[in-house]
2 protein chains.
Amino acid sequence: MLSSHIPATQVLAHWAATVPNQWGESTLRTAEHSLEDTIAAMVAGAGDPVCASVRAGLRATGPVPVVGSSTGTCAAFSALANGTAAHARELDEMFLVAGGHFGCAVIPAILAQAHEMDATLDAVLDALIVGSEVMARVGMAMDRAHVEKGWHGTQTIGVIAAAVACGRLLELDAARMTHALSLAVSMAAGPKVQFGTDAKPVHAGLAAQGGVLAASLAASGVTGSDKALEGPHGFGALYAGDSAADWQSVAAVNDGPLAIDSHGLSFKLYPNCASTHRCLDALQALATEHRFGMEDVERVETLVGRVNLVNLKYPEPRDPREAMFSMPYAVATMLRYGTVTLADFTPKAVQDDVTRRLMPRVEMRLASTRVETATQLLPHTTAVTLKDGRHLERVVHHAKGSFLNPFSALERQVKFEQCTKGILPEERLAPLRDNLARPQGVKVRQLLALLQFEAQIDDGTRFGRLPGAIEFSPCSGRAINP
Amino acid sequence: MLSSHIPATQVLAHWAATVPNQWGESTLRTAEHSLEDTIAAMVAGAGDPVCASVRAGLRATGPVPVVGSSTGTCAAFSALANGTAAHARELDEMFLVAGGHFGCAVIPAILAQAHEMDATLDAVLDALIVGSEVMARVGMAMDRAHVEKGWHGTQTIGVIAAAVACGRLLELDAARMTHALSLAVSMAAGPKVQFGTDAKPVHAGLAAQGGVLAASLAASGVTGSDKALEGPHGFGALYAGDSAADWQSVAAVNDGPLAIDSHGLSFKLYPNCASTHRCLDALQALATEHRFGMEDVERVETLVGRVNLVNLKYPEPRDPREAMFSMPYAVATMLRYGTVTLADFTPKAVQDDVTRRLMPRVEMRLASTRVETATQLLPHTTAVTLKDGRHLERVVHHAKGSFLNPFSALERQVKFEQCTKGILPEERLAPLRDNLARPQGVKVRQLLALLQFEAQIDDGTRFGRLPGAIEFSPCSGRAINP
């Protein structure tokens, strides 16, 4: 605990309140991708049963849109509903250095806030960038102790980022920004016991809701401790477990590139827990190269990090939500179809006999006892033993879609289409694509109006294994399943 | 960790959903006292600047009243505002076995919920009793590790109790009650770093708000882990520190008396942190018996428990909120005036030279290295060294107002009057007293309508040291300040 003299709460808040809105081109492009990816995930998620329940449970009416509904609510509850939708199908990006998902926690908050203020997407992108840096700095300070312990960083750290991002839109000064951040610390919850249940996507919504609320309370004069992160009995002490948070990294906020430029966001190819993705990529590549199918496989061993073991807690999932957090289910699905898509997380798919017979062939173990840090994750290893005796192995550091292994333009486009097509009619989709491609000067109210529709509640079945689905995966995987 | 096989989450929820609404007379009387005390604290608190800021920060309008305002909002935000008001002046009761305040976290939630349903106070009292038992059971399971670590049980455990209490009003079945409880676990936050700031009373409001929301989401079908309390990476694991929670006590929920009958609520005589109250009582009694005044005192030593040391973190408070968490300020005030009242927590009072000159004479230390449990607290010792060489000492186990040392009928009445008089006009106060004295059949809407007024924002100065103030204290203390 080198850092007790560094006022991390104030350093971050001061930076967030005062950094000029002058971002480089590549920073803005990443922010735009994050916005597009989150909105696509919201549209795909709005029909999830949990979102229908959340919408039914909101008892406030108001002018702020709820994606998938033709009626609105107040800003905070819009953030709750839309955050849940963005996370409901596990399609939204990971922010690895921050220890959680970024877009689903922060973007619904700033969209709701911006809607209320009648702001443009330019202001949204600025707030998004500021929020991402705060999330990364807090995430790096807390490091792996936080998420290994069992906290869901999407909510715990996401609410802090969402509050600061909303505060940025509200143009809070440094003092009030400090209080917005501090009040968000008083709303930071979310235990990983909820992984595999409805509550997990609701965590993203709660982060977004808390962000709107914390910024709003701070704007109207409510104060909190100006050492909420680093003070005794503060966020670091209570949420980092036995290892105290290292706030040095926070103090360096003015130095060096932004975290989304240096570490990037990891956009997701597969709609399940990102902890499986490096193994899925490896398996797909091995199967394509070595031309084996599911019947050829004796055993698949996956070696992952400690946090991934915590996250993937369902060796024998009973339903789609549990299946999203199951390595055997993910691997068996990849073995069977050559990719993993939204169609694989329906109740029927999860109970499918063929897939379930493959699952006992899959093992998961700790890759190494080496300590991971937020910026240095362990690579994952996938080892396949074939029935003919061959042993194939592949190490993957960076999943497809991540910063060092980004989507191609086509892959990005295919993901957007898969999330939105058949849900939004073409007369909505075309202007939505336009707004997202050229966000300068676009009013948030105009954008959100395109997302007001009556979502059909579905259990995922509507995302059938369409011909298009195969394109979602860069390698078709047809070799796996000849 | 004896208890991993006991499904505490489900045991509690099942009990809360199914226990008959047939409570004994003394249980009902305690519930009525809790309701009355919380409403008095809300009225006194509604004028606190933090409450004005919270009201200004609520952006949803709706039909549910906000105490101290003539306009309403949605149920969740009404709970937020009213919970903050109930806790703003530190007047509301402590639930020692639960490790937090009960009324301010739970009652604003059930009043908001009941208002929306147009329920009567009979249903409110039933929900209150159920919520109190859940709060006590969770608090006892978590024990002192939770609050010693730095969690503010009022919010962390309060939100769980508030959710279950709202679920009781909504008549959730056992399964949905489990999810209400579980979703509340996903909203459990509140670090003690906020003690002495605005955020501390807001914690009570957040607990109440979360309770309304969790119950509402569960009622509309959102689910969470049915092992949210005891599961891996659940509430016990994350919030009890190194000592795992003992869920055995939870499983015994069907046995024995209710916690409010066997351990009781501790109603507060003084408007500051309850951690000072045993020492204040001791000092008042010593001064009355031995007839010394503030000029006679050389030194006051106070010996308290470990949690109290955590709570009382301001040896030199700068403002009224910090002063509420300062043993030297509390003791100096008692030495000077013979009691501690609302008039002592104004900015002017806190800066008063005479009081501040007394403060360096006060010390605070750990009473004993013996381990405290939720049901066995250490007694506090107050030792006074007088300038004439006399050494006086008094050990107090139970503060005035607590279960084993309850208020007289007069003291209770004086507290209510002090909190409400001059704020609510007599034509409101008379029916309010009537409703609280004879709650059977009273509509919550009728009760809350009496509390809709435009609160004058004040810094505490309106609570002048009135002649009546002296009666607030059973011993006038005039001997102290002759």
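Each residue is numbered by its place in its chain's sequence as written, counting from 1. Numbering of ligands from 1 and lettering of chains from A proceed in the order in which they are written. pLDDT decides what is reported in this predicted model: residues at 70 or higher carry local features, side-chain atom pairs at 80 or more are listed and counted, and totals for whole chains, interfaces and linings draw on all residues regardless. Side-chain metrics rest on all non-hydrogen atoms present in the structure, leaving aside hydrogens and water.

**Some thoughts on the overall build of chain A**
Then step 1. A run of DSSP states H or I qualifies as a helix once it reaches four residues; a run of E qualifies as a strand once it reaches two. Both are numbered from the N-terminal end. Counting its regular elements, chain A contains 23 helices and six strands.
Then step 2. The atom set for the radius of gyration is the C-alpha atoms, and the globule formula is 2.2 Å times the number of residues raised to the power 0.38. Relative to the 2.2 N^0.38 estimate, which gives 23 Å for 482 residues, the radius of gyration of chain A is 21 Å and therefore close to what a compact globule would have.
Then step 3. Considering only C-alpha atoms, chain A reaches an extent of 70 × 55 × 40 Å along its principal axes.
Then step 4. Considering chain A as a whole, with its 482 residues, one finds that 66% of them fall into the buried category.
Then step 5. Considering only contacts in chain A between residues 6 or more positions apart, those separated by 24 or more positions represent 79%.
Then step 6. We treat Lys and Arg as the positive residues and Asp and Glu as the negative residues; His and chain ends play no part in the count. For this purpose, a charge sits on NZ of Lys, CZ of Arg, CG of Asp or CD of Glu. Looking at chain A, you have 42 positive and 49 negative side-chain charges, and the mean spots of the two groups are 3 Å apart. Type-normalised accessible area, obtained with a 1.4 Å probe on protein chains alone, sets the label of each residue: buried when under 20%, exposed when over 50%, and partly exposed for intermediate values. By definition, residues are in contact when any of their heavy atoms lie within 4.5 Å.

**As for the interface of chain B and chain A**
When the parts of a complex come together, some accessible area is lost, and that lost area is often used as the size of the interface.
Then step 1. Contacts between the two partners involve 58 residues from chain B and, on the opposite side, 58 residues from chain A.
Then step 2. Summing both sides of the interface, chain B and chain A together bury roughly 4,300 Å²; the carbon and sulfur share of this comes to 61%.
Then step 3. Each reported salt bridge corresponds to a side-chain nitrogen of Lys or Arg within 4 Å of a carboxyl oxygen of Asp or Glu. Where chain B packs against chain A, one counts two salt bridges.
Then step 4. Here Glu116(A) makes a salt bridge to Arg59(B), at a shortest N to O gap of 2.4 Å.
Then step 5. Whenever a nitrogen or oxygen atom comes within 3.5 Å of another N or O atom, the pair is scored as a polar contact, on the condition that within protein one atom can donate a hydrogen and the other can accept it, and that pairs from neighbouring residues in sequence are kept only if both atoms are in side chains. Taken together, the connections running from chain B to chain A amount to 26 residue pairs in polar contact (both at pLDDT 80 or more).
Then step 6. Contributions of two or more residues to the side of chain B that touches chain A are made by helix 3 (49–57), helix 4 (75–88), helix 5 (103–117), helix 6 (121–149), helix 9 (174–185), helix 10 (199–219) and helix 11 (235–239) of chain B.
Then step 7. Per-element accounting of the side of chain B that touches chain A gives the leading share, nine residues, to helix 10 of chain B.
Then step 8. In this count, Pro and Cys sit with the nonpolar residues alongside Ala, Val, Leu, Ile, Met, Phe, Trp and Tyr, while Asp, Glu, Lys and Arg are called charged and the others, Gly among them, polar. Classifying every residue of the side of chain B that touches chain A by side-chain character gives 29 nonpolar, 21 polar and eight charged. Joining two parts hides part of their accessible area as seen by a 1.4 Å probe, and the buried area is that hidden amount summed over both.

**Brief notes about the nonpolar core**
Then step 1. Grouping buried Ala, Val, Leu, Ile, Met, Phe, Trp, Tyr and Cys residues that are joined through side-chain atoms within 4.5 Å yields what is termed a nonpolar core. Counting residues in hydrophobic clusters, the biggest one holds 335 residues, and the most contacted among them are Leu111(A), Phe235(A), Leu111(B) and Phe235(B).
Then step 2. Once you skip the residues sitting within four places of it in the chain, Leu111(A) turns out to touch Leu35(A), Ile39(A), Met42(A), Leu121(A), Val124(A), Val444(A), Leu447(A) and Leu448(A).

**Quick word on the relation of the copies chain B and chain A**
Then step 1. Here the copies were fitted onto each other by least squares, based on C-alpha atoms from residues at pLDDT of at least 70 in both. Superposing chain B onto chain A takes a rotation of 180 degrees combined with a translation of 0.0 Å along the rotation axis, leaving an RMSD of 0.0 Å. Overall, the copies show the geometry of a two-fold rotation axis. Every residue of chain B has its C-alpha some distance from the rotation axis, and the shortest such distance is that of Ala189(B), at 2.6 Å.
Then step 2. Interface overlap between copies is the fraction of interface residues in one copy that are interface residues in the other; for chain B against chain A it reaches 100%, indicating a shared surface.

**With respect to the confidence of the model for chain A**
Then step 1. pLDDT is a residue-level measure of predictor confidence that goes from 0 to 100. When pLDDT is averaged along chain A, the result is 92; 94% of the residues meet or exceed 70.
Then step 2. This stretch, residues 467–482 of chain A, has a pLDDT under 50; its non-local contacts, to residues over four places away or in other chains, come to 36 contacts.

**Comments concerning the environment of Asn82(B)**
Residues and elements named next belong to chain B.
Then step 1. Within the element layout of this structure, asparagine 82 appears in helix 4.
Then step 2. Separated by 175 residues in the primary sequence, asparagine 82 and proline 257 place their C-alpha atoms 30 Å from one another.
Then step 3. Discounting residues that sit within four places of it in the chain, asparagine 82 has contacts with Met42, Pro65, Val66, Val67 and Pro108.
Then step 4. Of the polar contacts made by the side chain of asparagine 82, one reaches the backbone oxygen of proline 65; its length is 3.4 Å.

**Brief notes about the packing of helix 2 (residues 25–45) of chain B against helix 6 of chain B**
Residue and element names in this part refer to chain B.
Then step 1. Axis lines are fitted to C-alpha atoms, over the contacting stretch for helices. Their N-to-C directions set the angle, which ranges from 0 to 180 degrees. One way to put it is that helix 2 packs onto helix 6 with a least axis distance of 10 Å and a crossing angle of 100 degrees. Relative to helix 6, the element helix 2 lies roughly perpendicular. Residues Thr27, Leu28, Ala31, Glu32, Ser34 and Leu35 of helix 2 pack against Leu121, Val124, Leu125, Leu128 and Ile129 of helix 6. Should an angle fall under 35 degrees it is taken as roughly parallel, and over 145 as roughly antiparallel, whereas 65 to 115 is taken as roughly perpendicular and any remaining angle as oblique.

**Describing the pattern of salt bridges**
Then step 1. This model, assessed by the stated rule, comprises 62 salt bridges over all chains.
Then step 2. Notably, a salt bridge pairs Lys421(B) with Glu417(B), separated by 3.6 Å at the nearest N-O pair.
Then step 3. What you see here is one network of salt bridges that share partners, running through Asp48(A), Arg89(A), Asp198(A), Arg321(A), Asp458(A) and Arg462(A).

**Here we look at the sheet that holds strand 3 (residues 297–304) of chain A**
To summarise the sheet geometry, strands pair through backbone hydrogen bonds and adopt either a parallel or an antiparallel arrangement.
Residues and elements named next belong to chain A.
Then step 1. For two strands to be treated as a pair, DSSP must find at least two bridges joining them. Spatially, 4-3-5-6 is the arrangement adopted by the four strands of the open sheet, whose pairing is mixed. Sheet topology places strand 4 (362–366) and strand 6 (391–396) at the edges, where each strand pairs with a single neighbour. Each strand axis lies, on average, 15 degrees off the axis of its neighbour in the sheet, ignoring direction.
Then step 2. Strand direction decides the pairing type here: strand 3 and strand 4, joined by five bridges, are parallel. Directly across from valine 300, in strand 4, lies its bridge partner valine 362.

**A few points about the packing of aromatic side chains**
Then step 1. Between rings of Phe, Tyr and Trp, where Trp is taken as its six-membered ring, a pair exists when centres lie within 6.5 Å; planes separated by under 30 degrees are stacked, by over 60 edge-to-face, and by other angles tilted. On inspection of all chains with the given rule, the structure shows 14 aromatic pairs over all chains.
Then step 2. Ring centres of Tyr329(A) and Phe345(A) lie 5.7 Å apart, and the angle between their planes is 65 degrees; on these two criteria the pair is classed as edge-to-face. With Tyr329(A) in helix 17 (residues 327–337) and Phe345(A) in the loop between helix 17 and helix 18 (347–351), this residue pair connects regions lying 16 residues apart in the sequence.
Then step 3. Aromatic rings pair up to connect Trp151(A), Phe235(A), Tyr239(A), Trp151(B), Phe235(B) and Tyr239(B) into one cluster.
Then step 4. Two conditions define a charge sitting above a ring: the NZ of Lys or the CZ of Arg must be within 6 Å of the ring centre, and it must be within 35 degrees of the ring normal. Between the NZ or CZ atom of Lys200(A) and the centre of the ring of Phe195(A), over which it lies, the distance is 4.7 Å.

**A closer look at unusual backbone geometry**
When glycine is set aside, most residues are seen to have a negative phi, and most peptide bonds are trans.
Residue and element names in this part refer to chain A.
Then step 1. Even without being glycine, glutamate 90 reaches a positive phi, approximately 55 degrees.
Then step 2. Assignment of secondary structure puts glutamate 90 in the loop between helix 4 (75–88) and helix 5 (103–117).
Then step 3. Since its relative accessible area comes to 2%, glutamate 90 is described here as buried.

**Notes on the packing of helix 3 (residues 49–57) of chain A against helix 4 of chain A**
Residue and element names in this part refer to chain A.
Then step 1. It is at 9 Å that the axes of helix 3 and helix 4 come closest, and there the two elements cross at 175 degrees. The orientation of helix 3 relative to helix 4 falls into the category roughly antiparallel. Note on element contacts: helix 4 touches helix 3 through Leu80, Ala81, Thr84, Ala85 and Ala88, opposite Val50, Cys51 and Val54.

**Quick look at helix 2 of chain B**
Then step 1. By this rule, a helix spans an expected 1.5 Å times one less than how many residues it contains. Between its first and last C-alpha, helix 2 of chain B extends 30 Å over 21 residues, near the 30 Å set by a 1.5 Å rise per residue.
Then step 2. Counting buried positions along helix 2 of chain B gives 18 out of 21 residues, so the element sits mostly inside the fold.

**Regarding the sheet that holds strand 5 (residues 380–386) of chain B**
Residues and elements named next belong to chain B.
Then step 1. In space, the four strands of this open sheet follow the order 4-3-5-6, with mixed pairing throughout. In this open sheet, the two strands that pair with only one neighbour each are strand 4 (362–366) and strand 6 (391–396). Between one strand axis and the next, the sheet turns through 15 degrees on average, direction left out of account.

**Points about the domain arrangement of chain A**
Residues and elements named next belong to chain A.
Then step 1. A domain assignment, automatic or from a database, supplies the domain bounds used here. Looking at chain A, the domain boundaries give domain 1 (8–262) and domain 2 (274–396).
Then step 2. Taking only C-alpha atoms into account, the centre of domain 1 sits 30 Å from that of domain 2.
Then step 3. Contacts between the two partners involve 24 residues from domain 1 and, on the opposite side, 18 residues from domain 2.
Then step 4. Between domain 1 and domain 2 lies a buried interface of about 1,800 Å² when both sides are counted; carbon and sulfur atoms form 62% of it.
Then step 5. The largest share of the area that domain 1 buries against domain 2 comes from Arg144, Glu148 and Phe195, three residues that together contribute 33% of it.
Then step 6. Our enumeration of links across domain 1 and domain 2 arrives at four salt bridges.
Then step 7. Among the ionic pairs, aspartate 48 bridges to arginine 321, the shortest N-O distance being 2.4 Å.
Then step 8. Connecting domain 1 to domain 2 are eight residue pairs in polar contact (both at pLDDT 80 or more).

**What about helix 4 of chain B?**
Residues and elements named next belong to chain B.
Then step 1. Its 14 residues give helix 4 an end-to-end C-alpha distance of 20 Å, which sits within 8% of 20 Å, the value for a rise of 1.5 Å per residue.
Then step 2. Across the 14 residues that make up helix 4, a large majority, 14, are buried.
Then step 3. Backbone geometry just after helix 4 places glutamate 90 at a positive phi near 55 degrees.

**Some points on the environment of Glu427(B)**
All names here are of chain B.
Then step 1. In this fold, glutamate 427 is placed in helix 21 (residues 426–437).
Then step 2. Residue class for glutamate 427 comes out exposed when judged on its relative accessible area of 62%.
Then step 3. Between the C-alpha atom of glutamate 427 and that of threonine 276, which follows or precedes it by 151 residues, the distance is 36 Å.

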